Amino acid sequence: MTKAEFYEILDIDSPEDFQYFENLAAFLECEDEPDYEDVAELVKEADKGTLAQLIGDYFEEISDFLPESETELYTIFDNVRRSLAGMSKSCDDETTVAKLADELERFRRWYSVDSRVFLTDLGSAGEEEMTLRDALVCARMEALGGEKYQYDFSECSDYPLDEYIVSFGDMLAAEDSEEQE
């Protein structure tokens, strides 16, 4: 994917335009593979406070559609949110920029490409396999009166949280961001 195609997906002309919930959603929900340098440039040039806020808002939004019984996924989402928001707040050197770009990409691939959820239609008993992203879309539609499903998120619990190393400074930055909301 070229930089122009990547920016078109995000609906921006430059990294400075990356300031809306829809921009982050378009990135995290994209199935296509953006060039790593384009992601790193986006992270480097975007407003870090805005990015942290967008991350918090996005994870809050997607967590709302997880079944209450899926505490493991809530924990994964919360830890990823804290880590990404904290890194974005303290993104002041090339190493942190690269780590944040890596972690955003890793989450995007897991969430929108690699994860597997099994849905059983309660009306027909038919089973479908889809990504976590798509399963949460089904859950949103279900909340609006759509088809009713039983969800099996068991294969999504393999997200490697142990690789999320959050510094004390990152945690404080994320907490400050939450308090300001």
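Every value quoted in this text rests on a predicted model; they were computed, and no experiment measured them.

Asker: Looking at this structure, how should I read unusual backbone geometry?
Answerer: Leave glycine aside and you will find that most residues have negative phi; peptide bonds, for their part, are mostly trans. With phi around 60 degrees, D11 is a residue other than glycine that occupies positive phi space. Following the sequence through the fold, D11 ends up in the loop between α1 (3–10) and α2 (21–28). Positioned with a positive phi, A125 is a non-glycine residue whose angle comes to about 70 degrees. As for its position among the elements, A125 is in the loop between β1 (117–121) and β2 (127–130).

Asker: Just checking my understanding: could you explain the sheet that holds strand β3 (residues 149–152) for this structure?
Answerer: Pairing between the strands of a sheet comes from backbone hydrogen bonds, and it takes one of two forms, parallel or antiparallel. Read from one edge of the open sheet, three strands run β2-β1-β3, paired in antiparallel fashion. Each edge of the open sheet is held by one strand with a lone partner, namely β2 and β3. Across this sheet, the average inter-strand angle for adjacent strands is 25 degrees, counted without regard to direction. As paired strands, β1 and β3 are joined by four bridges and run antiparallel to one another. Residue pairing across strands places T120 opposite Q150, the latter belonging to β3. Packing against the sheet, helix α7 (residues 132–143) makes contact with β1, β2 and β3, and its axis sits at approximately 155 degrees to β3.

Asker: Help me understand a negative patch on the surface in this model?
Answerer: Taken together, the side chains of E5, E8, D11, D13, E22 and D32 make up a negatively charged region of the molecular surface. Here D32 is to be found in the loop between α2 and α3 (36–45). Under the relative-accessibility criterion, D32 is labelled partly exposed at 46%.

Asker: Just checking my understanding: could you explain the pairing of β1 for this structure?
Answerer: Sheet faces and side chains relate simply in a regular strand, where the side chains alternate between the two faces. Counting buried positions along β1 gives four out of five residues, so the element sits mostly inside the fold. Bridge count between β1 and β2: four bridges; the pairing is antiparallel. Within β2, the residue paired with F118 across the bridge is E129. Linking β1 back to β2 in an antiparallel pair, the connection comprises five residues, with A125 at a positive phi of about 70 degrees.

Asker: Would you take a moment to explain the packing of aromatic side chains for this structure?
Answerer: Each pair of aromatic rings is reported with the distance of its centres and the angle of its planes. In total, this model carries 16 aromatic pairs according to the counting rule given. Seen in terms of ring centroids, F107 and Y111 are 5.2 Å apart; in terms of plane orientation they differ by 15 degrees. Their pairing is stacked. Highlighted residues: F107 and Y111, both in helix α6 (residues 94–114), separated by four residues, approximately one helical turn. Using a relative accessible area of 1% as the deciding quantity, one classes Y111 as buried.

Asker: Is there a simple way to think about a nonpolar patch on the surface in this case?
Answerer: A cluster of nonpolar side chains, contributed by V137, M141 and L144, occupies part of the molecular surface with about 320 Å² of accessible area. Relative to the assigned elements, M141 resides in helix α7.

Asker: How do you make sense of the packing of α1 against α3 when you look at a structure like this?
Answerer: Packed helix pairs are characterised by how far apart their axes lie and by the angle those axes make with each other. One can describe the packing of α1 onto α3 by two numbers: an axis separation of 10 Å at closest approach and a directional angle of 50 degrees. In terms of orientation, α1 lies oblique with respect to α3. The hand of the α1/α3 crossing is right-handed. Contacts between α1 and α3 involve K3, F6, Y7 and L10 from the former and D38, V39, E41 and L42 from the latter. Partitioning the contact of α1 with α3 into residue classes produces five nonpolar, no polar and three charged.

Rules used in this analysis
- Residues numbered from 1 in each chain as written.
- Predicted model: local features only at pLDDT ≥ 70, side-chain atom pairs only at ≥ 80, totals over all residues.
- Heavy atoms only, no water.
- Helix = DSSP H or I, 4+ residues; strand = E, 2+ residues; numbered from the N terminus.
- Pairing = 2+ DSSP bridges.
- Axes fitted to C-alpha atoms, helices over the stretch in contact; angles between N-to-C directions.
- Contact = heavy atoms within 4.5 Å.
- Patch = residues over 30% accessible without salt bridge, like charges linked within 9 Å, V, L, I, M, F, W, Y side chains within 5 Å.
- Areas by Shrake-Rupley, 256 points an atom, 1.4 Å probe, with all protein chains shown as cover.
- Salt bridge = Lys/Arg side-chain N within 4 Å of Asp/Glu carboxyl O.
- Lys, Arg positive; Asp, Glu negative; His and termini not counted.
- Charge placed at Lys NZ, Arg CZ, Asp CG, Glu CD.
- Buried < 20%, exposed > 50% of the residue type's maximum accessible area, 1.4 Å probe, protein only.
- Phe/Tyr/Trp six-rings, centres within 6.5 Å; stacked < 30°, edge-to-face > 60°.
- Parallel < 35°, antiparallel > 145°, perpendicular 65-115°, else oblique.
- Left-handed = near helix turned anticlockwise from the far one by under 90°.
- Nonpolar A, V, L, I, M, F, W, Y, C, P; charged D, E, K, R; others polar.

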